[in-house]
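Descriptive structure summary
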Amino acid sequence: MIDDYADLDATELARRIALGEFTASKVLEEAIARAERVNPKLNALVYPWFDHARSCVREGLPAGPLHGVPFLLKDLYEDYAGQPHSNGCRALADTVAGHDAELVRRYKAAGLSIFGRTTSPEFGLSTTTESALHGVTRNPWHPDVTAGGSSGGAAALVAAGVIPMANASDGGGSIRIPASCCGLFGLKPTRARNPIGPDVGEGWSGLAVAHAVSRTVRDSALLLDCTAGPDLGAPYWAQAPERPFVEEVGRDVSGMKVAVIREPWFDAETDSDCLAAVDAAVAHCHDLGLAVEDAALPIPRWMLEADLQIIYSNARQTVELLDSVFDRPMTEDDVEPNNLSMARNDRSTGADYVTALNGIHALGRLVAHFFVDFDLLLTPTMPVAPMPLGLLSPSRDDGEAQWRDVVRTIAFTSPFNASGNPAASVPLYWNQDGVPIGVQFVAPYGDEAALFRIGSALERIAPWAHRRPGIHSG
């Protein structure tokens, strides 16, 4: 046992391995033992590759900045050659990747010790991590509420102390929402900051990006330094940062101007827990000497609905592709009922899709004008506390009500998938039930630096990494 393992972030683990205090093998075995201890309670780890990871360590991991740090991939699209993944879908349960995704190549080059996959709902189409294939993933803070989605398995295992950070992705809030539900830092990077090749040029027409959930801000920054930048053939990419992201951690935040919005977009109301979390964040911003003021960002309904149309269209394309691959129509034995219904009921035209693309681009310009006057925007991450398990499940009996509840949970997050801005959920508040409630900070396009600066400043005056949920590997 490494007694203080749960207190060590990825940056510190890598440092100690580099100094020879730990070996990569010892740290991997610690992570595996902790995963085996808590996974029966959480159901967050699928496709364990323990022996494969051990073999990679014996053969020698690359000497990157994160050499020997244990890591997990989400079971959604991040191909790893020779290893299985399903995207949470029963039809794809036996799929084995033939090559690495570019992001996985960069993870390997950084020296990460990848030993399995974490649960995701089917195709990432919910904000809970529940699937007919893999079952229900539980929140380590409260096992009867959702761990969030679609990166809920990643968030549950990081919060439970199995690993210090894990791969996650976000097409409507799927990094930020699990981070909020599980008391973690979760940053959605700028559109095209991280590579998404080689198989596609963009995810969900630019809505979806990949990065991580982590216990500390500096881990998120260091990992992004290891992965950011275009891959060969990328159709577009984010502008290069002024300096390495890790150098933004601890950097001065004085003079930053923060806008606050408490009322969500879409048809939702903000509950008292989420308002209290924003109030706590505002107080901390004042303690840091920041200028904070209430603001408004009116977004026309057609722009808000544009990203939903893109999600519908991508769901339809995915199911039609499966029909073609299997040479038969998908059924509810292959694809979850509500996801199948979404795909089959979409009757949008090519013109509708082009209108939706124009909508997200128009929203990006609207948000850019907003940030002329502000350095950061503060909102709740979600308008509601983590919901009871079952309500957001894509197999819920009432599909229309299920989707309305999903849209409600993304009422603060999804506009910034549409605009492409970087945004992060920061864990500054726990409610009376001991469940974490995150707040979201949004920055101008391409300015993850501002999020690492404010995140690390808040981490210093209101630390969270020492908190332990009821289900914990330690």
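The sections below set out a description of the structure shown in this document. All figures in this text were calculated on a predicted structure; none of them were measured in a lab.

Quick notes on the nonpolar core
Nonpolar side chains in soluble globular proteins tend to end up buried together. Grouped together as the largest cluster of nonpolar side chains are 152 residues, with contacts concentrated most on Phe 115, Trp 265 and Phe 441. Among the elements that take part in this core, helix α9 (residues 301-326) stands out by supplying nine residues, more than any other. Ignoring anything within four residues of it in the chain, the contact list for Phe 441 reads Val 258, Cys 285, Leu 376, Leu 377, Leu 378, Pro 422, Ala 423, Ala 424, Val 426, Leu 451, Ile 454 and Leu 458.

Looking at the packing of aromatic side chains
Any aromatic ring pair is given by two values, namely how distant the centres are and how the planes are angled relative to each other. What the rule picks out here adds up to 11 aromatic pairs. Note on Tyr 312 and Trp 403: the rings are 6.0 Å apart at their centroids and 55° apart in plane angle, and the pair reads as tilted. Here Trp 403 lies in helix α12 (residues 399-409) and Tyr 312 lies in helix α9, a separation of 91 residues in the sequence. Of the residues examined, Tyr 312 reaches a relative accessible area of 24% and is grouped as partly exposed. Linked through ring pairs, Phe 185, Phe 245 and Phe 452 together constitute an aromatic cluster. Over the face of the ring belonging to Tyr 80 we find Lys 108, whose NZ or CZ atom lies 4.0 Å from the ring centre.

Quick notes on the pattern of salt bridges
A full pass over the atoms with the stated rule returns 27 salt bridges. Here Arg 218 and Asp 9 are joined by a salt bridge, their closest N and O atoms 2.6 Å apart. Of the two residues, Arg 218 sits in helix α7 (residues 217-227) while Asp 9 sits in the segment before α1 (10-19), which places them 209 residues apart along the sequence. One salt bridge in this structure joins Arg 54 and Glu 29, with 2.7 Å as the shortest N-O distance. Of the two residues, Arg 54 sits in helix α3 (residues 50-59) while Glu 29 sits in helix α2 (residues 24-42), which places them 25 residues apart along the sequence. On the basis of relative accessible area, Glu 29 is assigned to the partly exposed category, the value being 30%. Each of the salt bridges in this network shares a partner with another, and the network as a whole consists of Asp 4, Glu 12, Arg 15, Arg 16 and Glu 21.

Overview of the sheet that holds strand β9 (residues 185-188)
Pairing within the open sheet is mixed, and its eight strands lie in the order β8-β10-β9-β14-β15-β13-β11-β12. If you trace the sheet from one side to the other, it starts and ends with β8 (165-170) and β12 (291-294), each paired once. Between one strand and the next, the sheet's axes are offset by a mean angle of 25°, whatever the strand orientation. In terms of strand pairing, β9 meets strand β10 (residues 209-214) through three bridges, oriented antiparallel. Paired with Leu 187 across the two strands is Ala 212, which belongs to β10. Its contacts with the sheet put helix α14 (residues 448-461) on β9, β13 (376-380), β14 (423-430) and β15 (436-442), and the angle it makes with β9 is roughly 170°.

Focus on unusual backbone geometry
For the bond from Gly 149 to Ser 150, the omega torsion is 10°, close enough to zero to count as cis. For Ser 150, the position within the fold is in the loop between β7 (142-146) and α5 (152-159). Despite not being glycine, Tyr 47 has its phi angle at roughly 50°, a positive value. Within the element layout of this structure, Tyr 47 appears in the loop between β1 (45-46) and α3. Positive phi outside glycine occurs at Tyr 77, with the angle close to 75°. Relative to the helices and strands, Tyr 77 resides in the loop between β2 (70-74) and α4 (102-109). The exposure class assigned to Tyr 77 is partly exposed, which follows from its relative accessible area of 41%.

The rules behind each value
- Residues numbered from 1 in each chain as written.
- Predicted model: local features only at pLDDT ≥ 70, side-chain atom pairs only at ≥ 80, totals over all residues.
- Heavy atoms only, no water.
- Core = buried A, V, L, I, M, F, W, Y, C linked by side-chain atoms within 4.5 Å.
- Buried < 20%, exposed > 50% of the residue type's maximum accessible area, 1.4 Å probe, protein only.
- Helix = DSSP H or I, 4+ residues; strand = E, 2+ residues; numbered from the N terminus.
- Contact = heavy atoms within 4.5 Å.
- Phe/Tyr/Trp six-rings, centres within 6.5 Å; stacked < 30°, edge-to-face > 60°.
- Lys NZ or Arg CZ within 6 Å of the ring centre and 35° of its normal.
- Salt bridge = Lys/Arg side-chain N within 4 Å of Asp/Glu carboxyl O.
- Pairing = 2+ DSSP bridges.
- Axes fitted to C-alpha atoms, helices over the stretch in contact; angles between N-to-C directions.

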